[in-house]
Every structure is written in structure tokens, then in C-alpha cells.
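Summary of structural features
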Amino acid sequence: MSTFVIGYYAALIAASCLAAYFKKREAFLLLFSLTLASFVLGLIGGRPALNTITVAAAVIALAAGTAYAWREFLAILLPRELAKAIRTAPLTASFGLFVIFTYAVMGIFAPVIAPFGEAEVIAGAFDPPSEALLLGADQLGRDMFSRIVYGARNTVGLALAATLLAFFVGAIAGLFAAVKQGWFDQIMGRGADVIMSIPSLIFALLMLSIFGTNLMVIVVVVAIIYSPRVFRLSRAVAGNVVVMDYIEAASLRGEGTGYLIRKEILPNSMAPLIAEFGLEFCFVFLLMAGLSFLGLGIQPPTADWGSMVRENALLITFGEITPLIPAAAIALLTVAVNFVVDWMLFRSSGLKD
Amino acid sequence: MNDVFKLVLKRLGLGVLTLLVISVLIFFAVELLPGDIAQAVLGQSATPENLAALREQLGLNVPAPVRYFHWLTGAIQGDFGTSLITGDRVGSTIGPRLLNTLFLASYAAVIAVPAAILLGIFVALLRNTIFDRVANVLTLTAISSPEFFLGYILILYLAVKTGWFPAIASIGRNADFSTMLYNSFLPALTMVLVVMAHMMRMTRAAIINLLASPYIEMARLKGVPAWRVIVHHALPNAWAPIINVVALNLAYLITGVVLVEVVFVYPGVGQLLVDAVAKRDFPIVQACCLIFAATFILLNLAADVGAILTNPRLRHPK
């Protein structure tokens, strides 16, 4: 029993007693179950396990603090309507917004932030971290940190492009199908069924094996794979709007399909579509990360998070954590977007479960 | 009962039809190649004689619809032609690997399904408490992480740092069952984590939907004990959504297995597919895609049929 272990349990138990005394039921439950879980984990993993829990708790506390401050910051800066919405947002949502903001800054100002170019060889292979190389060098001696920063631009940018394309195609087809119905609706619907009945990764692999792996092909293929989801949603949402009286009134006074879609249907089906955009981005991002992890995405020497994991996987067998950072970056962005989408869905549906 | 039979038959017919359309798609996608397969294999600098010989060997001189028919009839009997690179029969290359993949997928499913359903029900009962929120964040994180991230984390902590499990899941030809279970534990665990998170969330949503219905409130108000409300009132109606959740997630396993196999160098179909895509070995790519798509459709079909069987309302469509 070291002082660390004694201090660890003492702190946890004291905190849970305090929570119980001040009748904070939720905090007490959380703290005390953490204490019980620590007993088990401590028995299995010993001191390192408790160390990990402490670090994790500190990281979560830090994230919560950042999220809280960010929320207050946004509430002051934004105009009134938005500020009101932001004030009621859960901490997870504001954390998500913060992460998205950070990634955007990182991607846009990548050349300013990164100390070296993405393809510059400046050290030996797998050089350890130092003053100049924050995270060490990769398998060819390029700066890991710079490549991660550039990766924000390349990986996220490409996923965003594919999502936008998928969304554009899917939403337009869906809105038209809802308005026109008839054979157009039928053909698009059956086409969407076929595409959705093939697993997305498998479909992407098939297409990439045929057309080769260049950027255009990847973006188009991924957009085709995910546009049926948007098609179905926008068709369903627009289908509910189309039957409204004001649509009938508009078409009776002689408005064309284009006007109906732009001025009447789209504004009334925006909220679910925006939430869907976030979800869609997550799917596209994960699929593209998977493809580039398999060596079939963005080709070297362009920095890309998925392929960076694969290229440096050897380091993991030496117990190094650096190759996991790009993978963690992928996970973090996806989680962040999911948090924000959750909040938006909650707001737009008013669903309380 | 006759009605049910008819409905199920109709769904089956629809499934077979979808599969046929997909086989057409998979076969004719290769026809979209600039030039043809022979050109793609031999490259731009091939001599006309070589091209002609390879075309003859691959039977490319026959019109595409005829070749499609041969390919499909062969595929039904497990004969997918020969590999372009090694010249082996594709069927015999895939066979043992398919067994390995099925072993891995069912290993993961056996652990994930009961655990996810139990935890999902548990979390649904504790909804809006702190545990529910923690579980929500945890499952969301697991879903949002790419499979290779989870896989490498497990390798780092359970294989490299502690040495409890092997990092490379090689299963020998004549290893006994327990060794196989031990060796492929990490890839299975990776898939369990991802699929379980999905299933838990969906089960939770299904149960919460049910618990909000008036007849549950009625049961509670008349003083039925909590466990009895769950087991006798909620669960019979929850089976349909739960079966749906399970089948959909098993279908999800199919995509996940490709990445996981590559991370753990597991000798399965996913790894084979990725290698074949990189080498542009089309017969293998086609065969693997067809197998994956067929399994996916089959599981989706199972979800539909399960829903029909457990929900009498679906038997009498309005």
C-alpha cells in the first residue's frame, strides 16, 4: 500500500460522503460506484489501473470545465436568440462545439500551426519525441505533429466534400420524389433499396478495386453509397409537408416545382435535415477513415489520419501510444459531432424520454 | 398461420430478387473497367498476342450476359472461377477463410447479444439517472470510434503492456477449440465492444418506448411488482424490436469484420478481400462481395421475418 493508493481511496470515499451529506444523490451514486469499481480494477490491475482512472477522471474534469467555459463564452458572444439556445445546451453539446471549432481552426490554419511540411523528411525513422519533434517522427522520419495537423485539413476536408455531395444529390432527389411521386419516386426508391442492401464498406471496396484509388473516385463512390439515406429521410420529411394545405394553395396559384421545393418545402423540413447532415458526416468520416486505414484512401505522401495509423502500427508493438493519436483524433471528432447532433435532435423534436 | 407463411414467402422472394440485382451489379461493375479485365491485368504495355491469349483463357470472347449466367450458376455451386494472380480456384481459397470469419463473427455474437440485451434493459430501467447518462456517453464513444482504434487500444493494453493475449490472432490448422478461443479473443472483443454499444442503445430505445405505453402504467398502478411488469407485460411486446436490433447488428458485424481482421492479421475473408482489392484480383473481389452482400441480405431478411412472427399486427397489413 503506497501513499498514492491510500490517498486515492480516501479522496474518493471522502468525496462520496460529502455528496451524500449534501444530498447530492446523483454525484454520490457516481462517486461511490467509482469507488467500488476501483476496488475490483485495483485488485486486477494494481496501481497502474488506479493511475489510469485518476488520469481519465482528470481529463474528463478538464473537458467538462472547458465545455462549461466555452458555453458561457458563446452565450456572451452570440446574438440573443442563439445565446438563449446555447445556455440551455448540455455540457456534452458545448464540448462537441468546442472540438469542432478546434478542428476547424487546425484545418484552416494548418500551414501556420504545423512547424514542418506534411511530406518533409526531417529526422530518422521513428525518432523519439524531443523539443523540435513534439510527437516524434514517423516511419519515414516526417514530423508526426505536423502530419496530424495537416491531416485535419485533408481527412476532414475530403469527408466534408463527400458528405456535401451525398447530401446535395440525396436531398434534391428526395424532395423531387416527394413532390413528383409516380415513376420517378419508384425508380429512385428501388435504386436506394439496392444500394442500401449492400454493406457500405464492401460496396466501396468493390468500386475502388475497379476504378482505382484517386480522390475524385473516392468522393463520388462514398457520396453514392450514403446518398440513399439522405434520399429516404428528405423524402419522408417532405412527404409530410407536401400534404399540407398551404402547398396545395401554392400549387393551385400556379407555382412550379422548383418554387415549391425552395420556398415552401425546404424551410419546413430544415431541422431534421441539418441533424441528418451531422450524422451523415460521421458515417462518411468513419468509412473514409476505414478505407484509408486499409491503404485505399488518400494516397501518400499526403497526410491522412487513417493511413497514419496503419503506417505506424509497428510502434504499438513497442508499447508506444503515438500511432493511436490520429485514430483518437478521428474518434474525438465523430463523438463531438454526435454530441451536437443529439442536442439538435432533442431540440427539434422536443422529445423527452 | 397460412397468412404468416404467405408473408414470409413474399419477403423471401423479395430477398432473392434483391440478391439477383446485386449479383448483376457486382458482375457488371467489372465490365465498367476502361478496356477489359485482360487489359487491366496486363497493363498498357501488353502485346496484342498476350491480350488475346488471356482473353481466350478467361473466356472474355463470350458475350457478357452469357458469362454472367455461367458465373452465377457456378457461384450457386460454390465455384467462383480462378484467381487472376495465383491461378488457384477461388472457391477453395475462400472456403477455409469463410469458416474462420464465421467463427470470429459468431464468437463475437455469442458474447455481445446477451450482454447487450441485458445491459440495454438495465439502462432503460435506470433511465434519466446518472448511470444512464454515463452509459450514453460511453456507448456513443464506442460507436464513434473506428474499429481499428479500439483494436489497437486493446492490443496496446491487453497484449503489449500486460501480455495476457496474443496481438496477432493466428489460428493454426489443428489448434484445439480452447486455443482458438484464446487466440482470437482480442478481435472478438473489439467487435463485441462496437456491436454491443449499438445494440444497447437500440434495446434501450425500444424498451423505453414500451415503458411509456399506457398499459404498463396501468400494470404499475394496480401494484404489479417491477420485475413482473418487465417480464410479463413489457418483454412479450419487446421481442419484435429486440430481434430486429440483434439481426441488424449482426449484419453490421459483417462490415466491421473486414477492418478487425486486418488489424489482427486474422486469416479471414475480410483480409482476403482487402488484399484482392489492392491487387485488383477481380474474381476474388466479386466472390467476397457476393458472400458479404448475401449474408447482409439474409440477416436483414431474418430481421423482417422475426418481426412478422413476433408481432401479430404486422400479419394483417392495412
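Being a predicted model, the structure only gives us computed values, none of them experimental.

All names here are of chain B. The assigned domain composition of chain B is domain 1 (2-76) and domain 2 (90-315). Centre-to-centre, using C-alpha coordinates, domain 1 lies 31 Å away from domain 2. The interface of domain 1 with domain 2 comprises 18 residues on the first partner and 15 residues on the second. When residues of domain 1 are sorted by the area they lose upon contact with domain 2, Val4, Arg11 and Ile26 head the list and together hold 30% of the total. Between domain 1 and domain 2 we count one salt bridge in total. Here Asp304 makes a salt bridge to Arg11, at a shortest N to O gap of 3.4 Å. Counting every contact that joins domain 1 to domain 2 gives two residue pairs in polar contact (both at pLDDT 80 or more). Listed by contribution, the elements that provide at least two residues to the side of domain 1 that touches domain 2 are helix H1 (2-31), helix H2 (37-42) and helix H4 (64-76). Counting residues per element, the side of domain 1 that touches domain 2 draws most heavily on H1, at 13 residues.

All chains considered together, the criterion is met by 24 aromatic pairs over all chains. Centre to centre, the rings of Phe28 of chain B and Tyr68 of chain B are 5.7 Å apart; their planes meet at 40 degrees, and the pair counts as tilted. Here Phe28 of chain B, found in helix H1, pairs with Tyr68 of chain B, found in helix H4; they are 40 residues apart in sequence, far enough to count as distant. Taken together, the ring pairs connect Phe4, Tyr8, Tyr9 and Phe39 of chain A into an aromatic cluster.

In this section: the UniProt feature "transmembrane region" (unreviewed entry) in chain A. All names here are of chain A. UniProt annotation of "transmembrane region" (unreviewed entry) refers to residues 6-22, 27-44, 50-70, 91-114, 156-179, 200-227, 273-298 and 324-346 when read in the numbering used here. As annotated, residues 27-44 comprises 100% helix and 0% strand, and the C-alpha atoms at either end are separated by 26 Å. Helix makes up 92% of residues 91-114 and strand makes up 0%, while its end C-alpha atoms are separated by 30 Å.

Judged by nonpolar contacts, the single largest core of 151 residues is most densely connected at Leu205 and Trp305 of chain A together with Tyr152 of chain B. If you tally residues by element for this core, the top one is helix H11 (residues 226-263) of chain B, at 17 residues. Apart from the residues lying within four places of it in its own chain, the contact partners of Trp305 of chain A are Tyr103, Met106, Ile148, Gly151, Ala152, Thr155, Val156, Phe285, Pro326, Ala329 and Ile330 of chain A. Counting nine residues, the second largest nonpolar core, distinct from the first, contains Leu175, Ala178, Leu260 and Ile261 of chain A.

With 48 residues of chain A at the interface, the matching set in chain B holds 52 residues. For the interface between chain A and chain B, the tally reads one salt bridge. Salt-bridge contacts for Glu26 of chain A lead to Arg133 of chain B; the nearest nitrogen and oxygen are separated by 2.9 Å. In this assembly, chain A and chain B are joined by five residue pairs in polar contact (both at pLDDT 80 or more). Of the residues forming the side of chain A that touches chain B, the biggest block, ten residues, is contributed by helix H15 (residues 324-349) of chain A. Residues of the side of chain A that touches chain B, tallied by class, amount to 32 nonpolar, eleven polar and five charged.

Before going further, it helps to examine the UniProt feature "domain: ABC transmembrane type-1" (unreviewed entry) in chain A. With numbering aligned to this structure, UniProt lists the feature "domain: ABC transmembrane type-1" (unreviewed entry) at residues 152-345 of chain A. Helix makes up 83% of residues 152-345 of chain A and strand 0%, whereas the separation of the span's terminal C-alpha atoms amounts to 26 Å.

Residue and element names in this part refer to chain A. Mapped onto the elements, Ser227 comes out in helix H9 (residues 215-242). Assessed through its relative accessible area of 10%, Ser227 is described here as buried. Look past the residues within four positions of Ser227 in its chain and what remains in contact with it is Ala166, Val169, Gly170 and Glu280.

In terms of domains, chain A is made up of domain 1 (3-70) and domain 2 (144-348). In this structure, domain 1 of chain A and domain 2 of chain A have C-alpha centres spaced 39 Å apart.

Quick look at the pattern of salt bridges now. All names here are of chain A. Enumeration over the complete set of coordinates arrives at eleven salt bridges over all chains. As a salt-bridge pair, Asp193 and Arg190 come within 3.2 Å of each other at their nearest N and O atoms. Note that Asp193 and Arg190 are positioned in helix H7 (residues 182-196) at a spacing of three residues, about one turn of the helix. The exposure class of Arg190 is partly exposed, given its relative accessible area of 47%. Taking the shortest distance from any N to any O, the salt bridge between Arg253 and Glu264 comes out at 3.7 Å. One end of the pair, Arg253, is in the loop between helix H10 (245-252) and helix H11 (257-268); the other, Glu264, is in helix H11, with eleven residues separating them in the sequence.

What follows is about H7 of chain A. When the terminal C-alpha atoms of H7 of chain A are compared, their 21 Å separation across 15 residues agrees well with the 21 Å that a helix rising 1.5 Å per residue should span. Asp185, Gly189, Ala192 and Val194 of chain A are the residues of H7 of chain A that are buried.

Turning our eyes to something else, we now look at unusual backbone geometry. Look at Lys23 of chain A: it is not a glycine, yet its phi comes out positive at around 60 degrees. Its location among the elements puts Lys23 of chain A in the loop between helix H1 (3-21) and helix H2 (25-77). Residue Lys23 of chain A is classed as exposed on the basis of its relative accessible area, which comes to 73%. For Val265 of chain B, which is not a glycine, the phi torsion comes out positive at approximately 50 degrees. Tracing the backbone through its elements, the reader meets Val265 of chain B in the loop between H11 and helix H12 (269-279). On the accessibility criterion, Val265 of chain B (43% relative accessible area) is partly exposed.

Now for the packing of helix H6 (residues 144-180) of chain A against H9 of chain A. Residues and elements named next belong to chain A. One can describe the packing of H6 onto H9 by two numbers: an axis separation of 5 Å at closest approach and a directional angle of 35 degrees. Seen from above, H6 lies across H9 with right-handed handedness. In terms of residue class, the contact of H6 with H9 is built from 23 nonpolar, five polar and one charged.

Residues and elements named next belong to chain B. Counting across every chain of the model gives zero disulfides over all chains. Cys288 carries a free sulfur, and the closest cysteine sulfur to it, the one in Cys289, is 6.9 Å from it. Given a relative accessible area of 0%, Cys288 falls into the buried group.

Once that is clear, we can look at a nonpolar patch on the surface. Residues and elements named next belong to chain A. Side chains of Leu165, Phe168, Val169, Ile172, Phe176, Met216, Val220 and Ile224 sit close together on the surface and give an oily, nonpolar patch of about 690 Å² of accessible area. For the nonpolar patch, the element with the most residues is H6, which contributes five residues. Note on placement: Ile224 falls in helix H9. Given the relative accessible area of 40%, Ile224 is considered partly exposed.

Residue and element names in this part refer to chain A. In the contact formed by H7 and H9, the axes pass within 9 Å of each other and the chain directions differ by 130 degrees. Taken together, H7 and H9 sit at an angle that is classed as oblique. Here the hand of the crossing between H7 and H9 comes out left-handed. Contacts from Asp185, Met188, Gly189, Ala192, Asp193, Ile195 and Met196 of H7 reach H9 at Ile224, Ile225, Pro228, Arg229, Phe231, Arg232 and Arg235. In terms of residue class, the contact of H7 with H9 is made up of eight nonpolar, one polar and five charged.

Rules and cut-offs
Residues numbered from 1 in each chain as written. Chains lettered and ligands numbered in written order. Predicted model: local features only at pLDDT ≥ 70, side-chain atom pairs only at ≥ 80, totals over all residues. Heavy atoms only, no water. Domains from an automatic or database assignment. Contact = heavy atoms within 4.5 Å. Buried area = accessible area lost by both parts, 1.4 Å probe. Salt bridge = Lys/Arg side-chain N within 4 Å of Asp/Glu carboxyl O. Polar contact = N/O pair within 3.5 Å; in protein donor to acceptor, adjacent residues only side chain to side chain. Helix = DSSP H or I, 4+ residues; strand = E, 2+ residues; numbered from the N terminus. Phe/Tyr/Trp six-rings, centres within 6.5 Å; stacked < 30°, edge-to-face > 60°. UniProt positions renumbered as here; feature names shortened; annotations may be inferred. Core = buried A, V, L, I, M, F, W, Y, C linked by side-chain atoms within 4.5 Å. Buried < 20%, exposed > 50% of the residue type's maximum accessible area, 1.4 Å probe, protein only. Nonpolar A, V, L, I, M, F, W, Y, C, P; charged D, E, K, R; others polar. Expected span 1.5 Å × (residues − 1). Axes fitted to C-alpha atoms, helices over the stretch in contact; angles between N-to-C directions. Left-handed = near helix turned anticlockwise from the far one by under 90°. Disulfide = S-S within 2.5 Å. Patch = residues over 30% accessible without salt bridge, like charges linked within 9 Å, V, L, I, M, F, W, Y side chains within 5 Å. Areas by Shrake-Rupley, 256 points an atom, 1.4 Å probe, with all protein chains shown as cover. Parallel < 35°, antiparallel > 145°, perpendicular 65-115°, else oblique.

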